[in-house]
Amino acid sequence: MTPLLAFMVGGVLFSLTAINAHYSYSCCTFPKNSDFKDNKSQNRLNQWSKKRIFFIDWNVNNKVPKQIYIAYVTQFSFYIHSIYATLYVDVWRKDSIVMLVHHIVTSLLIGFSYTFKYTNVGMLVLFLHDCTDIVLEMTKLTVYYKTKGGRWKTIGDFLSTVGFICFGMTWFLFRLYWFPLKALYSAGHLSYVLNPETLIFYHLFNGLLWTLLIMNIYWFSIILVTGYKVITGQMKEVKDSREYEEDENGRKLNNKTRKKLQ
């Protein structure tokens, strides 16, 4: 992929993730009754501060509103495509297997939560993860921008460093702090307290959410390692550390082949 094409693709992904995050937040209107009635902005603040509201009046026969249906169809289509793209389109990276598992788990969560009307907490999970994706795509754009060379490389290098710092902070805040505090606590504890006899596939649903958290921790460790290498001078600039190194013939090097060459 040429730098220009990569920049264009990154721009499209940045726009889509921003739209998805905004739409996910706008759909986080939680019901006062079993018909999933829309509430006003005050109730949106209530759903963020009062975790009990995620599973109040939950019923598998509840009707899902149109705006949440659109969000779910859009997200489900994206992750089904991402499974194909990871296998046959994208460059194979060190975390590609984890990425593939992530897409499969997320697709299962989206389909499962929609089928059994766990869309309240489902929209929250989508919102929390889309927020970090916005900063991720923005940082990728600045990295691609450095390929223009000249003064643009200096500007891109500065912006990519700032973007990387913001990305690490948002990843920790949304995926490692708010996600367990809001989503896991509501799905794992409050759902059982409020509906102890009516929950469907409780352990499977929560198991998939915890799997998502484990992968988020794994990727955060990569963020920390990358930051450490930049600070200590092992990396001259912010770049994707998931990429395999290549020899003069363009062959990818793993740890074993690298040691042989040395």
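The structure presented is a predicted model; accordingly, all values stated were derived computationally and were not measured. (Residues numbered from 1 in each chain as written. Predicted model: local features only at pLDDT ≥ 70, side-chain atom pairs only at ≥ 80, totals over all residues. Heavy atoms only, no water.)

### A look at the overall build of the chain
For the chain, the helix and strand inventory stands at eight helices and two strands. Reading the helices (α) and strands (β) of the chain from amino to carboxyl end gives α-α-α-α-α-α-α-β-β-α. Taking all 262 residues of the chain together, the buried fraction comes to 42%. Contacts spanning at least 24 positions in sequence make up 76% of the contacts within the chain whose residues lie at least 6 apart. Element-wise, carbon and sulfur atoms account for 65% of the exposed surface of the chain, whose accessible area totals about 15100 Å². (Helix = DSSP H or I, 4+ residues; strand = E, 2+ residues; numbered from the N terminus. Buried < 20%, exposed > 50% of the residue type's maximum accessible area, 1.4 Å probe, protein only. Contact = heavy atoms within 4.5 Å. Areas by Shrake-Rupley, 256 points an atom, 1.4 Å probe, with all protein chains shown as cover.)

### Remarks on the packing of aromatic side chains
Within the structure shown, the criterion is met by 16 aromatic pairs. Ring geometry for Tyr-84 against Tyr-88: centres 5.2 Å apart, planes inclined by 45°, an arrangement best described as tilted. Placement of both Tyr-84 and Tyr-88 in helix α3 (residues 66–88) is noted, with a separation of four residues, approximately one turn of the helix. Taking the relative accessible area as the measure of exposure, Tyr-88 reaches 60% and is therefore exposed. Geometrically, the ring pair formed by Phe-112 and Phe-205 is stacked, given 5.5 Å between the ring centres and 25° between the ring planes. You can see Phe-112 sitting in helix α4 (residues 96–115) and its partner Phe-205 sitting in helix α7 (residues 202–232), a full 93 residues away along the chain. With a relative accessible area of 4%, Phe-205 lands in the buried category. The structure contains a cluster of three or more aromatic residues connected by ring pairs, namely Phe-112, Phe-116, Tyr-118, Phe-201 and Phe-205. Sitting over the ring of Trp-171, Arg-175 keeps its end group 4.1 Å from the ring centre. (Phe/Tyr/Trp six-rings, centres within 6.5 Å; stacked < 30°, edge-to-face > 60°. Lys NZ or Arg CZ within 6 Å of the ring centre and 35° of its normal.)

### Quick look at empty space enclosed by the protein
Per the stated rule, a full pass over the model turns up two cavities of 30 Å³ or more. Size it by volume and the largest cavity reaches roughly 160 Å³. Thr-106, Leu-109, Ile-110, Val-125 and Leu-126 are, among the 14 residues lining the largest cavity, the residues nearest its centre. Among the elements of the structure, α3, α4, α5 (119–145) and α7 are those that each provide at least two residues to the lining of the largest cavity. Of the residues in the lining of the largest cavity, the class split is nine nonpolar, five polar and no charged. (1 Å grid on protein atoms, 1.4 Å probe; cavity = no way out; pocket = protein on both sides within 12 Å on 5 of 7 lines; lining within 4 Å. Points joined across faces, edges and corners; volume = space filled by probe spheres on them. Nonpolar A, V, L, I, M, F, W, Y, C, P; charged D, E, K, R; others polar.)

### Some remarks on the packing of α5 against α7
Relative to each other, α5 and α7 sit at 10°, their axes nearing to 13 Å. The angle between the axes of α5 and α7 places the two elements in the roughly parallel class. Each of Val-121, Val-125 and His-129 in α5 lies in contact with α7, whose residues at this interface are Phe-205, Leu-209, Leu-212 and Asn-216. Residues of the contact of α5 with α7, tallied by class, amount to five nonpolar, two polar and no charged. (Axes fitted to C-alpha atoms, helices over the stretch in contact; angles between N-to-C directions. Parallel < 35°, antiparallel > 145°, perpendicular 65-115°, else oblique.)

### Describing unusual backbone geometry
One non-glycine residue, Lys-117, lies in positive phi territory at about 60°. With respect to the element layout, Lys-117 can be found in the loop between α4 and α5. Residue Lys-117 is classed as buried on the basis of its relative accessible area of 16%.

### Overview of α7
Between its terminal C-alpha atoms α7 stretches 45 Å, which fits the 45 Å expected from 31 residues at 1.5 Å a residue. Taken from the residues just after α7, Gly-233 is the one with a positive phi, measuring 85°. (Expected span 1.5 Å × (residues − 1).)

### A short note on the nonpolar core
Judged by nonpolar contacts, the single largest core of 33 residues is most densely connected at Leu-109, Tyr-118, Trp-171, Phe-179, Phe-205 and Leu-209. Here this core gets ten residues from one element, more than from any other, and that element is α7. Among the nonpolar cores identified, the runner-up in size contains eight residues, and Ala-71, Tyr-79, Ile-110 and Leu-126 belong to it. (Core = buried A, V, L, I, M, F, W, Y, C linked by side-chain atoms within 4.5 Å.)

### Looking at the layout of surface pockets
Taken as a whole, the second largest pocket spans an internal volume of roughly 210 Å³. Along the wall of the second largest pocket there are 13 residues; nearest its centre are Phe-164, Ile-165, Ile-223, Gly-227 and Ile-231. Of all elements in the fold, only α6 (151–194) and α7 reach the threshold of two or more residues within the lining of the second largest pocket. With seven residues, α7 is the single largest residue contributor to the lining of the second largest pocket. For the lining of the second largest pocket, the per-class residue count stands at ten nonpolar, three polar and no charged.

Take it as geometry only, folks, not as evidence of what the structure does.
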